[in-house]
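Chain by chain, the residues run as shown.
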Amino acid sequence: GRPSGAAPEDGAECAGPEEPCGRGGRRLRTAFSAEQISTLESSFQRQQYLGAAERRQLAGRMRLSEVQIKTWFQNRRMKLKRQL
């Protein structure tokens with residue numbers, strides 16, 4: 001479980017997708033759908049670094065924020081680095 005006083009997982013205390021939650025100042029973990037992960041992975045296979053225009057286009061197409069796309073790509077590059 002989570003420590004007492006932590007923000008609920010349903011996002012009830014979040015003002016919006018990019019607003020910090022609770023007193024910790026951290027957003028809740030984004031749960032990507034299988035379709036979103038598939039799209040992100042195929043984009044990553046084509047290029048590991050996205051420019052601002054590609055990130056904006058992908059975010060709009062997938063209904064995610066640019067920050068979520070950027071973070072996913074950063075995390076995916078780190079996962080690749082660990083695997084190598």
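The rules behind the values
- Residues numbered from 1 in each chain as written.
- Predicted model: local features only at pLDDT ≥ 70, side-chain atom pairs only at ≥ 80, totals over all residues.
- Heavy atoms only, no water.
- UniProt positions renumbered as here; feature names shortened; annotations may be inferred.
- Helix = DSSP H or I, 4+ residues; strand = E, 2+ residues; numbered from the N terminus.
- Buried < 20%, exposed > 50% of the residue type's maximum accessible area, 1.4 Å probe, protein only.
- Contact = heavy atoms within 4.5 Å.
- Areas by Shrake-Rupley, 256 points an atom, 1.4 Å probe, with all protein chains shown as cover.
- Axes fitted to C-alpha atoms, helices over the stretch in contact; angles between N-to-C directions.
- Parallel < 35°, antiparallel > 145°, perpendicular 65-115°, else oblique.
- Left-handed = near helix turned anticlockwise from the far one by under 90°.
- Core = buried A, V, L, I, M, F, W, Y, C linked by side-chain atoms within 4.5 Å.
- Arc of directions from axis to C-beta.

- The chain goes by PV1 protein in an unreviewed UniProt entry, where it is assigned to Spizella passerina.
- Taken verbatim from the UniProt record of the chain, the Sequence similarities (unreviewed entry) comment is "Belongs to the BAR homeobox family."
- Turning to the chain, the UniProt annotation filed under Subcellular location (unreviewed entry) states: "Nucleus".

1. Quick word on the overall build of the chain
Then step 1. Scanning the chain from N- to C-terminus turns up 3 helices and 0 strands.
Then step 2. Reading the chain from its N terminus to its C terminus gives the helix and strand order α-α-α.
Then step 3. Among the 84 residues that make up the chain, the fraction classed as buried is 21%.
Then step 4. Of the contacts made within the chain by residues no fewer than 6 positions apart, 38% connect residues no fewer than 24 positions apart.
Then step 5. Surface exposure of the chain reaches about 6500 Å², of which carbon and sulfur atoms provide 47%.

2. A few points about the packing of helix α1 (residues 34-46) against helix α2 (residues 52-62)
Then step 1. The N-to-C vectors of α1 and α2 enclose an angle of 160°; their axes lie 11 Å apart at closest approach. Relative to α2, the element α1 is oriented roughly antiparallel. In the packing of α1 onto α2, the handedness of the crossing is right-handed. Residues Gln36, Thr39, Leu40 and Ser43 of α1 lie in contact with α2, whose contacting residues are Leu58, Arg61 and Met62.

3. Regarding the nonpolar core
Then step 1. Ranked by size, the top nonpolar core spans 9 residues in total: Leu40, Phe44, Leu58, Ala59, Met62, Leu64, Ile69, Trp72 and Phe73.
Then step 2. If you list the elements that add at least two residues to this core, you get α1, α2 and α3 (66-83).
Then step 3. Residues within four places of phenylalanine 73 in sequence aside, it is in contact with Leu40, Ser43, Phe44, Gln47, Gln48, Leu50 and Leu58.

4. What about unusual backbone geometry?
Then step 1. Positive phi is not limited to glycine here, since arginine 63 has a value of about 60°.
Then step 2. By the secondary structure assignment, arginine 63 is in the loop between α2 and α3.
Then step 3. Arginine 63 sits in the exposed class, given a relative accessible area of 80%.

5. Let's talk about α2
Then step 1. Among all positions in α2, only Arg55, Leu58, Ala59 and Met62 are buried. Along the long axis of α2, the arc covered by the buried residues comes to 100°, so they all point the same way. Within α2, the exposed residues directed more than 90 degrees away from the buried face are Gln57, Gly60 and Arg61.
Then step 2. Packed against the buried residues of α2 are α1 and α3.
Then step 3. Backbone geometry just downstream of α2 places arginine 63 in the positive-phi region, at approximately 60°.

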